[in-house]
Amino acid sequence: MIERLRADERGVSEVIGAILVFGILITLLAILQTQAIPAANQKVEFNHNQELQSDFVNFNTAMSEVAVTGTPKSVKIQMGTTYPSRLLFFNPDPPGGEIRSAGNGSVSIYNINATDEHTRDYVNGSMTNLTSRRLEYDPTYNEYDEAPVTVLEYGTVYRDFGNTTIVDDETNLVRGNTISLMLLNGNLSQGQSTALSLEAQATSAPARTVTIEPDQSGQNITINVPTRLNASQWEEMLADADNVRGVVQNGSRVEVRLNGTKAYNLRVPQVGVGNGVPDPNATYVTRSSNRQLQIDQANILPVEVRDRYNNPVSGESVNITVDSGSFNSTGTQSVEANTTDDGRPAVSYFGGPQGVVEVNASYEGDPADPSYDFDPENDPEDINMLVTFDPRLDDEKPTLDNVTVTSNTYDVCTTFGDVNIPVISDTILSCTLTSDATTISVNYKASDTGGSGLDYIELGVNDSSTVLLNKTHQLQGSSDSGTFFTPQIRHDLDGEPAAVNITVYDRNGNRVSESEDL
């Protein structure tokens, strides 16, 4: 009998099983590549955005330091990030972003007069058309589609999500009787995914403090600023400023209205970034201090050339004449000298035993310059003043009264995790690492009766053995008061504050100190 041929089906089930397993594996890898990997990358981008906000806060602090010292300072900005390597999976190109200066508005302050008679020749009624820009970071993420634009303007750092705004570092525009209007200028547009060293340049700094009062008594002093924030957001930031009488929306601008019955200390520094940073021209010459001259000694006359922001201008040629005594460099009663970084002519004057010397100082602006605003009927480029000689050295210490130190310690999150992705609107953050942080405010009143006048106040924050923070603020006249604020002091990075030292100096080097334990 011939047997019928039959197919051999041995091993078929194993092959089919292997194909099915391989297909499941490919399907799983595809699901991971299209869903899990983008979700993980979105978390990486989200964490980078948190770091970027800290970089902006650090740059804001650097701008404040430049405004005080006039010395440039750089801060590293993490423009982008990288994804972790993943075996068998593909990552898109590393995400980055663009940092840029934006806006081209101007700031104005209305209803103000300088209390100093010489400065009042310029600060008389208003200060207008003060150049203002803002710094923005716009990310180009691959997955985090609803990432905010991070913005820095007027000492404020915030995140703009389009339909909502979160403030990360609040403005110090008005604190007590001090107005600190931080302005930004320059042209910057830089896109990359690697770290960028961004320099804060001293455009108009160090900032001088000018005491102002209402031009029309009883009417509000008004600060008009172009801003991306609305009036209610500004009002919330300034809620603790007792002298703020209201915040009003005016188109794309906001008006901050201050109590018109008080005097204020006004500081308007301007810091530059990028290219095309302007060099403000000299606008007026004024008396730099009320310090008296010393008999039979070489003296620097209290003459200072300032720009339109009330800050010193270097390299300006100044003509000075006196009616007695002589200048060491010429042996005569007239001299032409250039100003140094402090806006003052570097020339020594040697007076005799006279009680008073009449000083006349002037400088020549350039009429061809668009910013040249010489007014022959009200010429702020000339000053005539009487400077007295002090027959005794000022060896009296200044006084420091009404010192109140307030510290606020709280937890800050330094590392985030467990982000609920991809629904950003329902993001749940789990803080994996925290640190204590402290901010300190010091209320003070300082006065000087020795005749040389106040110079500056210094605030030092110490732990048990070292100095954690040191800040200075210029004072003016024979009496000054205000509130001094420190930036955030993180205990894990900077140390734990234990004491605050407050020191006031007069212009003859005398000082008085007071310490407070925290």
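See the structure above.
The present account deals with the structure reproduced in this document. Model, not experiment: these values are computed from the prediction.

### Observations concerning the overall build of the protein chain
No. 1: Check the secondary structure of the protein chain and you find 2 helices and 35 strands.
No. 2: Of the contacts made within the protein chain by residues no fewer than 6 positions apart, 72% connect residues no fewer than 24 positions apart.
No. 3: Per element, the accessible surface of the protein chain, about 25000 Å² overall, is 46% carbon and sulfur.

### Remarks on the sheet that holds strand S31 (residues 467-474)
No. 1: In space, the 4 strands of this open sheet follow the order S31-S30-S34-S35, with antiparallel pairing throughout. Each having just a single partner strand, S31 and strand S35 (511-517) make up the two edges of the open sheet. Averaged over neighbouring strand pairs, the angle between their axes works out to 15° when direction is ignored.
No. 2: As paired elements, strand S34 (residues 499-506) and S35 share 7 bridges and run antiparallel to each other. Looking across to S35, one finds that Thr503 is bridged to Ser513.

### Some thoughts on the nonpolar core
No. 1: Counting 38 residues, the largest nonpolar core has Leu181, Trp234 and Leu258 as the members making the most contacts within it.
No. 2: In terms of residue count, the dominant contributor to this core is strand S2 (residues 96-114) (4 residues).
No. 3: Not counting residues within four places of it along the chain, the set of residues in contact with Trp234 comprises Tyr154, Thr171, Leu173, Val225, Thr227, Leu229, Val247 and Val254.
No. 4: Ala62, Leu135, Leu184 and Val273 belong to the second-largest nonpolar core, a separate cluster that totals 23 residues.

### Side note on the pairing of strand S15 (residues 253-258)
No. 1: Relative to S15, strand S13 (residues 221-226) runs antiparallel, the two being bridged by 6 bridges. By the bridge assignment, Val225 is partnered in S15 with Val254.
No. 2: Of the pairings in the sheet, the one linking strand S14 (residues 244-250) to S15 comprises 6 bridges and is antiparallel in character. Each residue of the ladder has a partner; that of Val248, found in S15, is Glu255.
No. 3: The loop that links S14 with its antiparallel partner S15 comprises 2 residues; one of these, Gly251, has a positive phi angle of about 65°.

### Quick notes on the pattern of salt bridges
Pairing of side chains with opposite charge becomes possible as their charged atoms draw close.
No. 1: In the structure shown here, the tally under the stated rule is 13 salt bridges.
No. 2: A salt bridge links Glu304 to Arg306; the shortest N-O distance between them is 2.9 Å.
No. 3: Among the residues examined, Arg306 registers a relative accessible area of 2% and is labelled buried.
No. 4: If you follow the salt bridges from partner to partner, you end up with Glu98, Arg100, Arg134, Glu136, Asp138, Asp160 and Arg228 in one network.

### Some details on the packing of aromatic side chains
We describe a pair of aromatic rings using the distance from one ring centre to the other and the angle between the two ring planes.
No. 1: Evaluated as defined, the whole model comprises 6 aromatic pairs.
No. 2: Where Tyr154 meets Trp234, the ring centres are 6.1 Å apart and the plane angle is 55°; that geometry is what we call tilted. Within this pair, whereas Tyr154 is found in the loop between strand S4 (149-153) and strand S5 (156-160), its partner Trp234 is found in helix H2 (residues 231-237), the two being separated by 80 residues in sequence. In this pair, the class of Tyr154 matches that of Trp234, namely buried.
No. 3: Here the aromatic cluster, defined as three or more aromatic residues joined through ring pairs, consists of Phe46, Tyr141 and Tyr144.
No. 4: A cation over an aromatic ring shows up here: Arg308 above the ring of Tyr309, its NZ or CZ 5.9 Å from the ring centre.

### Looking at the side chain of Ser204
No. 1: By the element assignment, Ser204 lies in strand S11 (residues 195-204).
No. 2: Overall, the relative accessible area of 1% leaves Ser204 in the buried class.
No. 3: Among the polar contacts listed, one links the side chain of Ser204 to the side chain of Asp307, at a separation of 2.6 Å.
No. 4: Here the side chain of Ser204 touches Asn311 through a polar contact of 2.9 Å, side chain to side chain.

### Observations concerning the sheet that holds strand S25 (residues 348-350)
By definition, the strands of a sheet pair up through backbone hydrogen bonds, in either a parallel or an antiparallel sense.
No. 1: The strand order S20-S25-S23 describes an open sheet built from 3 strands, whose pairing is antiparallel. Edge positions in the sheet fall to strand S20 (298-300) and strand S23 (326-327), since each has one partner strand and no second.

### Here we look at the environment of Ser478
No. 1: Structurally, the position occupied by Ser478 is in the loop between S31 and strand S32 (479-485).
No. 2: A relative accessible area of 45% places Ser478 in the partly exposed class.
No. 3: Sequence separation between Ser478 and Gly450 is 28 residues, and the spatial gap between their C-alpha atoms is 8.9 Å.
No. 4: Contact partners of Ser478, with chain neighbours within four places excluded, come to Ala446, Ser447, Asp448 and Leu454.

### Observations regarding the environment of Leu183
No. 1: Structurally, Leu183 can be placed in strand S9 (residues 183-185).
No. 2: Each C-alpha atom of the pair Leu183 and Thr203 lies 9.7 Å from the other, and the pair is 20 residues apart in sequence.
No. 3: If near-sequence neighbours (up to four positions away) are discounted, Leu183 is found in contact with Met63, Val107, Leu130, Thr131, Ser132, Tyr154, Val268, Pro269, Gln270, Val271 and Tyr309.

Reading guide: rules and limits
Throughout, a residue's number is its position along its own chain's written sequence, starting from 1. In keeping with the model being predicted, local features are shown solely for residues with a pLDDT of at least 70 and side-chain atom pairs are shown and tallied solely at 80 or more, while totals for entire chains, interfaces and linings include all residues. In computing side-chain properties, one takes all heavy atoms of the structure into account and sets aside hydrogens as well as water. Under the DSSP-based scheme used, a helix requires at least four consecutive residues in state H or I and a strand at least two consecutive residues in state E, with every element numbered from the N terminus. The criterion used for residue contact is that any of the two residues' heavy atoms lie within 4.5 Å. In short, Shrake-Rupley with a 1.4 Å probe defines the accessible areas, and a residue's cover is counted only from the protein chains shown. Pairs of strands are assigned from DSSP output, requiring at least two bridges between the strands. Angles shown run from 0 to 180 degrees and are taken between the N-to-C directions of axes, each axis being a line fitted to C-alpha atoms and, for helices, limited to the stretch in contact. Buried residues of nine kinds, namely Ala, Val, Leu, Ile, Met, Phe, Trp, Tyr and Cys, make up a nonpolar core once their side-chain atoms join them within 4.5 Å. Burial classification: accessible surface area is computed with a 1.4 Å probe over protein chains only, and a residue below 20% of its type maximum counts as buried, one above 50% as exposed, and the rest as partly exposed. By definition, a salt bridge exists where a carboxyl oxygen of Asp or Glu is found within 4 Å of a side-chain nitrogen of Lys or Arg. By convention, a stacked pair of Phe, Tyr or Trp rings (six-membered ring in the case of Trp) has centres within 6.5 Å and planes under 30 degrees apart, an edge-to-face pair has planes over 60 apart, and any other such pair is tilted. Over a ring means this: the NZ of a Lys or the CZ of an Arg is within 6 Å of the ring centre and within 35 degrees of the ring normal. For the purposes of these results, a polar contact is taken to be a pair of N or O atoms within 3.5 Å, where, inside protein, one atom must be able to donate a hydrogen and its partner to accept one; residues adjacent in sequence count only when each atom of the pair is a side-chain atom.

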